[in-house]
Amino acid sequence: MSSTADDGDPNLGGEDVAVTEQAAGEALDLLESEGMDVEESGLRLYVQQGGCAGLSYGMRFEHEPEDDDEVFERNGLRVFVDDASIDYIEGSVLDYEGGLQGAGFHVQNPNVVSECGCGESFRT
């Protein structure tokens, strides 16, 4: 059964996942460009084995959450997190960074104790 966290302060960490306004706006634009319903669909944020530090983040758009997902609604964006991933990323902030080195989504995770040199994987 999915549970939904209500809109709190999207810039605060805690037991859930926060999303900055910029990240939500970029993700919603991408969802709409894919023809997905932003009221039902969302961004899946998950942790997977891989990378030189042991774990890495994954993100993809999905039409609806799975039954056992945590669902967070922040700045109009629905974020789906599975039970196995929530322990690794609770308290994190999803942000979007643009710049000369490239643009993209970035997870600011207070649970990380070390990251690999390229920043693509982490250890908790």
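None of the values given here were measured: they were computed from a predicted structure. (Residues numbered from 1 in each chain as written. Predicted model: local features only at pLDDT ≥ 70, side-chain atom pairs only at ≥ 80, totals over all residues. Heavy atoms only, no water.)

Asker: When you look at the overall build of the protein chain in this model, what are you seeing that I'm missing?
Answerer: Helix and strand content of the protein chain: 2 helices and 10 strands. Along the chain direction, N to C, the helices and strands of the protein chain fall in the order β-β-α-β-β-β-β-α-β-β-β-β. Expressed as a percentage of its 124 residues, the buried residues of the protein chain come to 41%. Taking contacts inside the protein chain between residues at least 6 apart in sequence as the whole, the part at least 24 apart equals 58%. A total accessible area of about 6900 Å² is found for the protein chain, and carbon and sulfur atoms account for 42% of it. (Helix = DSSP H or I, 4+ residues; strand = E, 2+ residues; numbered from the N terminus. Buried < 20%, exposed > 50% of the residue type's maximum accessible area, 1.4 Å probe, protein only. Contact = heavy atoms within 4.5 Å. Areas by Shrake-Rupley, 256 points an atom, 1.4 Å probe, with all protein chains shown as cover.)

Asker: Can you help me understand the sheet that holds strand S7 (residues 93–97) in this one?
Answerer: Strand pairs in the sheet, formed through backbone hydrogen bonds, run parallel or antiparallel to each other. A sheet is described by the order of its strands in space; here 3 strands give the open sequence S2-S7-S8, paired in mixed fashion. Either end of the sheet is taken by a strand with one partner, and the two such strands are strand S2 (18–19) and strand S8 (104–108). Pairing geometry for S7 and S8, over 5 bridges, is antiparallel. Bridge pairing in S8 links Leu94 to Val107. Seen against the sheet, helix H1 (residues 21–33) touches S2, S7 and S8 and runs at an angle of roughly 75 degrees to S7. (Pairing = 2+ DSSP bridges. Axes fitted to C-alpha atoms, helices over the stretch in contact; angles between N-to-C directions.)

Asker: Would you mind going over the packing of aromatic side chains with me for this structure?
Answerer: By the definition in use, this model includes 1 aromatic pair. Judged by centre distance (5.0 Å) and plane angle (75 degrees), the rings of Tyr96 and Phe105 are edge-to-face. Note on Tyr96: relative accessible area 16%, which makes it buried. Looking at Phe105, the relative accessible area reads 26%, which means it is partly exposed. (Phe/Tyr/Trp six-rings, centres within 6.5 Å; stacked < 30°, edge-to-face > 60°.)

Asker: Looking at this model, I keep getting lost on a negative patch on the surface. Mind explaining?
Answerer: Taken together, the side chains of Asp37, Glu39, Glu40, Glu64, Glu66, Asp67, Asp68, Asp83, Asp87 and Glu90 make up a negatively charged region of the molecular surface. Looking at the element boundaries, Asp83 is found in helix H2 (residues 83–89). On the basis of relative accessibility, which here comes to 42%, the residue Asp83 falls in the partly exposed class. (Patch = residues over 30% accessible without salt bridge, like charges linked within 9 Å, V, L, I, M, F, W, Y side chains within 5 Å. Salt bridge = Lys/Arg side-chain N within 4 Å of Asp/Glu carboxyl O. Lys, Arg positive; Asp, Glu negative; His and termini not counted. Charge placed at Lys NZ, Arg CZ, Asp CG, Glu CD.)

Asker: Looking at this structure, I do not really get the nonpolar core. What am I missing?
Answerer: Soluble globular proteins: nonpolar side chains tend toward being buried together. Within the largest apolar cluster, 22 residues are counted, with the highest numbers of intra-cluster contacts made by Val17, Val19, Leu45, Leu77, Val79 and Val81. Counting only elements with at least two residues in this core, the list comes to H1, strand S3 (42–49), strand S6 (77–81), H2 and S7. Tallying contributions element by element places H1 first for this core, with 5 residues. Sequence-distant contacts of Leu77, defined by excluding residues within four places in its chain, comprise Val19, Ala24, Ala27, Leu28, Leu31, Leu43 and Phe72. (Core = buried A, V, L, I, M, F, W, Y, C linked by side-chain atoms within 4.5 Å.)

Asker: Can you help me understand the pattern of salt bridges in this one?
Answerer: Here the structure, examined in full by the defined rule, presents 5 salt bridges. A salt bridge links Arg60 to Glu62, with the nearest nitrogen and oxygen atoms 2.7 Å apart. The exposure class of Arg60 is partly exposed, given its relative accessible area of 40%. Note on Glu62: relative accessible area 13%, which makes it buried. Three or more residues joined by partner-sharing salt bridges are found here, namely Arg44, Arg60, Glu62 and Asp69.

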